[in-house]
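Summary of the model geometry
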Amino acid sequence: MTARPPLPFTKMHGLGNDFVVLDATRAPLDLSEADLRFIGDRRFGIGADQILVVEPARAADADFRYRIFNGATGEEVEHCGNGARCFMRYVRDHGLTDRDTVRVETMNNRIVLEMTPDGRVTVDMNQPIFAPAQIPFEPTGLAPRLVNGFELWPLANPADPAQVVEVAAVSMGNPHAVQRVENVDTAPVAEVGPWVEAHATFPRKVNAGFLQVVDRGHVRLRVYERGAGETLACGTGACAAVVAGIRLGWLDAVVDVDTRGGQLTIAWDGIGHSVRMTGPAVTVFEGTVAFPDRDCRFT
Ligand SMILES: N[C@H](CCC[C@H](N)C(=O)O)C(=O)O
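Residues numbered from 1 in each chain as written. Predicted model: local features only at pLDDT ≥ 70, side-chain atom pairs only at ≥ 80, totals over all residues. Heavy atoms only, no water.

**Points about the overall build of the protein chain**
Secondary structure summary: the protein chain contains 4 helices and 19 strands in total. Against the 2.2 N^0.38 benchmark of 19 Å for 299 residues, the protein chain shows a C-alpha radius of gyration of 19 Å, consistent with a compact globule. When the backbone C-alpha atoms are referred to their principal axes, the protein chain occupies close to 60 × 45 × 35 Å. Sorting the 299 residues of the protein chain into buried and exposed places 52% on the buried side. Accessible surface computed for the protein chain: about 12,900 Å², of which carbon and sulfur atoms make up 49%. (Helix = DSSP H or I, 4+ residues; strand = E, 2+ residues; numbered from the N terminus. Rg over C-alpha atoms; globule rule 2.2 N^0.38 Å. Buried < 20%, exposed > 50% of the residue type's maximum accessible area, 1.4 Å probe, protein only. Areas by Shrake-Rupley, 256 points an atom, 1.4 Å probe, with all protein chains shown as cover.)

Given below as structure tokens:
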């Protein structure tokens, strides 16, 4: 078997949510799920929450296509907010564009990335989605509790049906279930996150958000991510949590979101408007990855 050529990559993070970024603008990348899991593995490979791939746009009115794969599973997912900011820094720093604003296609969405004068990146994340069929979310049995006219859905732990949490279901292109907690530091993220992530009412699984409201313009958030476990920050999760908090009447239109990796600012003017996320994007190092031969556990 001929050895595969080493693959150049860039290691980046958005508030500690870390990524391996790959350039497929000149030629498609032939990567299997096993290859992607190898890249994402923190012992046998490089290590990343997600792998981001830069591709040429398919539509004439877009600049790039943006693909995302969860590092632990190698599965392709619909969106990654922290990754979108890193995508913008990547295409600028690698000379793929000199524009301050870039139009990007994702699997099921269209977003706009913008470099800001202070070096952060603002992303127009498009509009949140609430229709259960589009999340997707299949509420069965128990009726929701309406708060400010928005649904909080009861989810029972399949292993212990007496343990019930209430979640708001929102999609930013990827699915999110957001629950309010008194204090994120003591929230049972490791215990509750896994069973919410895998809950049968979310047929494509779900990112589980734990939201602490400090005041109407400031929240704290932890997210147990689908296909990644708890990350230090989740951009789409921050958007989903703020959108849910505004719909539920707990938050104003501009909110600072403290994650374990740092702060994002999320703005949303309500139904019919895009969510706008602003935060940092950091390049850590450049490298090349040599793929294991067929005998490695990742074959
Ligand atoms: N785990 C997510 C993808 C990455 C989202 C997160 N890293 C972000 O910044 O939005 C999912 O399976 O939908």
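**As for the site of the ligand**
As a matter of local geometry, the ligand sits amid 15 residues, with Asn17, Gly81, Glu225, Gly235 and Thr236 nearest to it. In the model, a nitrogen atom of the ligand is placed 3.1 Å from a nitrogen or oxygen of the Gln50 side chain. The separation between an oxygen atom of the ligand and a polar side-chain atom of Asn207 is 2.9 Å. Burial of the ligand by the surrounding chains reaches 100%, relative to a free accessible area of 360 Å². With respect to the detected pockets, the ligand is housed in the largest cavity. For the shell around the ligand, the elements supplying multiple residues, two or more each, are α2 (81-93) and α4 (235-247). Class assignment of the residues belonging to the shell around the ligand gives a composition of 3 nonpolar, 10 polar and 2 charged. The residues that make up the shell around the ligand include at least three from each of domain 1 (7-124 + 282-298) and domain 2 (132-273). (Near = heavy atom within 4 Å. Polar contact = N/O pair within 3.5 Å; in protein donor to acceptor, adjacent residues only side chain to side chain. 1 Å grid on protein atoms, 1.4 Å probe; cavity = no way out; pocket = protein on both sides within 12 Å on 5 of 7 lines; lining within 4 Å. Sits in = over half its atoms within 2 Å of the grid points. Nonpolar A, V, L, I, M, F, W, Y, C, P; charged D, E, K, R; others polar. Domains from an automatic or database assignment.)

**Structural notes on a nonpolar patch on the surface**
On the surface, Val282, Val284 and Phe285 cluster together to form a nonpolar patch covering roughly 230 Å² of accessible area. Following the sequence through the fold, Val282 ends up in strand β19 (residues 282-289). (Patch = residues over 30% accessible without salt bridge, like charges linked within 9 Å, V, L, I, M, F, W, Y side chains within 5 Å. Salt bridge = Lys/Arg side-chain N within 4 Å of Asp/Glu carboxyl O.)

None of the figures reported here should be taken as evidence of function without further support.
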